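Fold and contact review
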Amino acid sequence: MSPTSRYPVPPGGIIGILGGGQLGRMLALAGANVGLKCHIYSDAADAPAFDVAAECTFGRYDDQRLLAAFARNVDAITFEFENVPSGTIEMLARERPTHPSALALAITQDRLVEKNFLSRIGVATTAYAALDASKSGHPEVNRNLLPAVLKTRRFGYDGKGQWTIRTIADLELVLPRLKNVPAILERWVDFAFECSVIAARGGDGIFAAYDPPENIHGEHILRSSRVPAPLTSAQSQEAKAIAARIAEGLDYVGVLAVEFFVTREGGLLVNEIAPRVHNSGHWTLEACLVSQFEQHLRAIAGWPLGYPARHSNAVMENLIGVEAEDWQTLARQTGALHLYGKREIRPGRKMGHVTRISPLSAPNE
Ligand SMILES: Nc1ncnc2c1ncn2[C@@H]1O[C@H](COP(=O)(O)OP(=O)(O)O)[C@@H](O)[C@H]1O
Ligand SMILES: [Mg+2]
């Protein structure tokens, strides 16, 4: 156990990661490639990341004593999911270099606070209004937003905690089901397609973005990501510039993902920010020299960022629920097969993914 943190974290040093899902697992694997050991802290006894981590702690995200012992055991700390209590990150940051910050986490884990932040820094989003069951907002404001999506402000993922609202009557039906959970009403965007920017910002303020993939969702769950997206190079540069402004505004250190709607007129609206590595960046494992996972570890360990250029085009497809049962067929095909080692297949559960690469194409003009 190191009594104090070594920073920049040298090879052989230990990165503490809160969360033990597939993102934590791929972070730990990427760490091993560059000589960094990962210590996974998860509240799930069978966390997929435990299988590949140098050290593991099984405990609650608010267990102060266990968290303090974990902090003493590592050189720097990060997280792989956004529902870690921001107070926990605040506490850990007093012990060890911890990134992204508690403030960046607090902003991005609440959809309303996040959208207000985006408006404040001049980044366009769809129109929205705060909503909760006790005071259902101004009826005229609500009407102007229809058709809309009602989302809980916190703890939603893969479309959980979201309802499509076409009429005020729909809204009145859904509101009681919210049971006073604070929510946000967002105008429906009739987008041409969705894309995202996965980017990193180092402690020195240097910013590096990967090319934006086009993302296809089914039932609100990411099905596939493809690079290049059908964006012009001007749109692609604009998307990266918006991600840079967000990273700057959050004084961010680490990898973040910015999800966009591309409108039929070619405009970019930010849908949401994920303060972590992201499913739509998994293709960087095969199509870039430095993956999003290694890039995140480099940023939070105080290392120079890696070069984010692509050497290939790529298509990543998620294996959701029973799709992973086809592993033998998939293993015979030419894609890179990733399985997350989850013991139980459940509908809607991300079990793995496949990435296929092809030679680089000329950029869109
Ligand atoms: N305002 C909206 N207009 C149109 N589609 C939306 C809107 N909000 C969400 N969606 C669709 O639902 C998906 C998931 O919503 P998102 O807000 O990103 O939540 P999650 O946290 O579950 O990823 C989006 O990627 C998009 O396909
Ligand atoms: Mg999303």
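Before any of the text, the structure's been laid out above.
It should be emphasised that the depicted structure is a prediction, and the values quoted were computed from it without experimental measurement.

How each quantity is defined
Residues numbered from 1 in each chain as written. Chains lettered and ligands numbered in written order. Predicted model: local features only at pLDDT ≥ 70, side-chain atom pairs only at ≥ 80, totals over all residues. Heavy atoms only, no water. Helix = DSSP H or I, 4+ residues; strand = E, 2+ residues; numbered from the N terminus. Buried < 20%, exposed > 50% of the residue type's maximum accessible area, 1.4 Å probe, protein only. Lys, Arg positive; Asp, Glu negative; His and termini not counted. Salt bridge = Lys/Arg side-chain N within 4 Å of Asp/Glu carboxyl O. Polar contact = N/O pair within 3.5 Å; in protein donor to acceptor, adjacent residues only side chain to side chain. Contact = heavy atoms within 4.5 Å. Near = heavy atom within 4 Å. Nonpolar A, V, L, I, M, F, W, Y, C, P; charged D, E, K, R; others polar. Disulfide = S-S within 2.5 Å. Pairing = 2+ DSSP bridges.

The next thing to look at is the side chain of Glu194. If you trace the backbone, Glu194 turns up in strand β9 (residues 193-201). For the buried Glu194, no salt bridge is present, and the opposite-charge side chain at shortest range is Lys151, 8.0 Å distant. A polar side-chain atom of Glu194 sits 2.8 Å from a polar atom in the side chain of His217. Leaving out residues up to four positions away in the same chain, Glu194 has contacts with Pro213, Glu214, Asn215, His217, Phe260, Phe261 and Asn271.

With respect to spatial proximity, 20 residues lie near ligand 1, and among them Lys151, Gly159, Glu194, His220 and Glu272 are the closest. Within the side chain of Lys151, one N or O atom sits 2.6 Å away from an oxygen atom of ligand 1. Separating an oxygen atom of ligand 1 from a side-chain N or O atom of Glu194 is a distance of 2.6 Å. Residue composition of the shell around ligand 1, grouped by class: six nonpolar, six polar and eight charged.

The next thing to look at is the state of the cysteines. What the rule picks out here adds up to zero disulfides. The cysteine Cys38 is free of any disulfide, with Cys56 supplying the nearest cysteine sulfur at 11 Å. Residue classification places Cys38 among the buried residues on the basis of a relative accessible area of 3%. Cysteine Cys288 is unpaired, with the sulfur of Cys195 as its nearest cysteine sulfur at 16 Å.

Attention shifts here to the pairing of strand β11 (residues 214-218). Within a regular strand, side chains alternate between the sheet's two faces. Here two bridges tie β9 to β11, and the two strands are oriented antiparallel to one another. Bridge pairing in β11 places Cys195 opposite Glu214. Alignment of β11 against strand β12 (residues 221-227), held across five bridges, turns out to be antiparallel. Across the sheet, the residue bridging to His217 is Leu222, located in β12. Following β11, the chain reverses through two residues before pairing antiparallel with β12; Glu219 in that reversal takes a positive phi of roughly 50 degrees.

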